[in-house]
Amino acid sequence: MLRLRAVWFTPVAAALLSFGLGTKKVMAQIQYPFSAIYNSETTLEPIAGNILKITNIGESANAPYGLTRLVNISYGNLDNNTGVITIEPDPATFGLEDLPLGNITIFGQGEDKLFGTTRGTATLDFQNFVGTVSNTISITGGSGTFDGAIGTLILTENLTLNPDPTAPVRGVPLISGSFQTFQTIPEPRNNAAIFSIGSIGVGFLLRRHRLRVTSFE
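Residues numbered from 1 in each chain as written. Predicted model: local features only at pLDDT ≥ 70, side-chain atom pairs only at ≥ 80, totals over all residues. Heavy atoms only, no water.

Undergrad: What should I look at first to understand the overall build of the protein chain in this one?
TA: The helix and strand inventory of the protein chain stands at 2 helices and 11 strands. Buried residues in the protein chain amount to 33% of all 217 residues. Put simply, 61% of the contacts in the protein chain that link residues at least 6 apart link residues at least 24 apart. About 13100 Å² of surface is accessible on the protein chain, with carbon and sulfur atoms providing 58% of the total. (Helix = DSSP H or I, 4+ residues; strand = E, 2+ residues; numbered from the N terminus. Buried < 20%, exposed > 50% of the residue type's maximum accessible area, 1.4 Å probe, protein only. Contact = heavy atoms within 4.5 Å. Areas by Shrake-Rupley, 256 points an atom, 1.4 Å probe, with all protein chains shown as cover.)

Pasting the structure below:
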């Protein structure tokens, strides 16, 4: 009887073990294409010499994933000869050590948000009161559905300058590109063979056991 139990254990254990080994955790990358136009206002605040604090607030009626609003803070160094502003998120780049880092947040009504930084250039034509912006937004995180997001978005914008330098600058930036998140999901493992072998083994032993009982009767 003890030997019979030991022989039975192998196929039964194999069948049961196949359920425990049925899944494993894998990282899945989810890609999010992005393209939206925002109506924005940009404020240029002189803070030291030609160094500016740049605050941009925008809103969109058609941004994907409900990310209809943005707030972007960065720093710029204005070249008065060319009208070019070099934009960086870190004020230390321009010798200002005690100011907070710039950042951009793209968000909506819920918990879904994107976080990142902006760098690039803006060219201002003060004679014709127009300008252009070309920035790269590096997505470095997020929340809600976009927790852990990374990616690159490109911001391009045509500006209408105001004769009053203290007034906000209006524009319609296009933000396009893509970002991705990573999620842990279960992946089925191919254990059909293990389960089949265990089932066949159990059935075979049951048949042998019945034959033995029949022979003794």
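Undergrad: Is there a simple way to explain the pattern of salt bridges in this structure?
TA: Between side chains of opposite charge, a pair can form when the charged atoms approach closely. With the rule as written, the count across this model stands at 2 salt bridges. For Glu41, the salt bridge identified is with Arg170, shortest N-O distance 2.4 Å. A residue pair is termed long-range when its members are at least 10 positions apart, and Glu41 in strand β2 (residues 39-48) and Arg170 in strand β10 (residues 169-171) qualify at 129 residues. Of the residues examined, Arg170 reaches a relative accessible area of 52% and is grouped as exposed. Salt-bridge contacts for Glu88 lead to Arg119; the nearest nitrogen and oxygen are separated by 3.1 Å. Of this pair, Glu88 sits in strand β5 (residues 84-88) while Arg119 sits in strand β7 (residues 113-125), and the two are 31 residues apart along the sequence. For Glu88, a relative accessible area of 17% translates into the label buried. By relative accessible area, Arg119 is classed as partly exposed at 35%. (Salt bridge = Lys/Arg side-chain N within 4 Å of Asp/Glu carboxyl O.)

Undergrad: I keep staring at a nonpolar patch on the surface and nothing clicks. Help me out?
TA: Together, Met27, Ile150 and Phe182 line one region of the surface with nonpolar side chains, adding up to about 290 Å² of accessible area. Here Met27 lies in strand β1 (residues 23-37). Overall, Met27 belongs to the exposed group, its relative accessible area being 56%. (Patch = residues over 30% accessible without salt bridge, like charges linked within 9 Å, V, L, I, M, F, W, Y side chains within 5 Å.)

Undergrad: So what exactly am I meant to see when it comes to unusual backbone geometry here?
TA: With the exception of glycine, most residues fall at negative phi, and the peptide bonds are largely trans. Of note, Tyr65 is a non-glycine position whose phi angle comes to about 65°, a positive value. Take Tyr65: it is sitting in the loop between β3 (51-59) and β4 (69-79). The backbone of Phe129 shows a phi angle near 60°, a positive value even though the residue is not glycine. When you line up the elements, Phe129 lands in the loop between β7 and β8 (130-143). Classification of Phe129 by relative accessible area gives partly exposed; the value is 36%.

Purely geometric numbers; function is a separate question.
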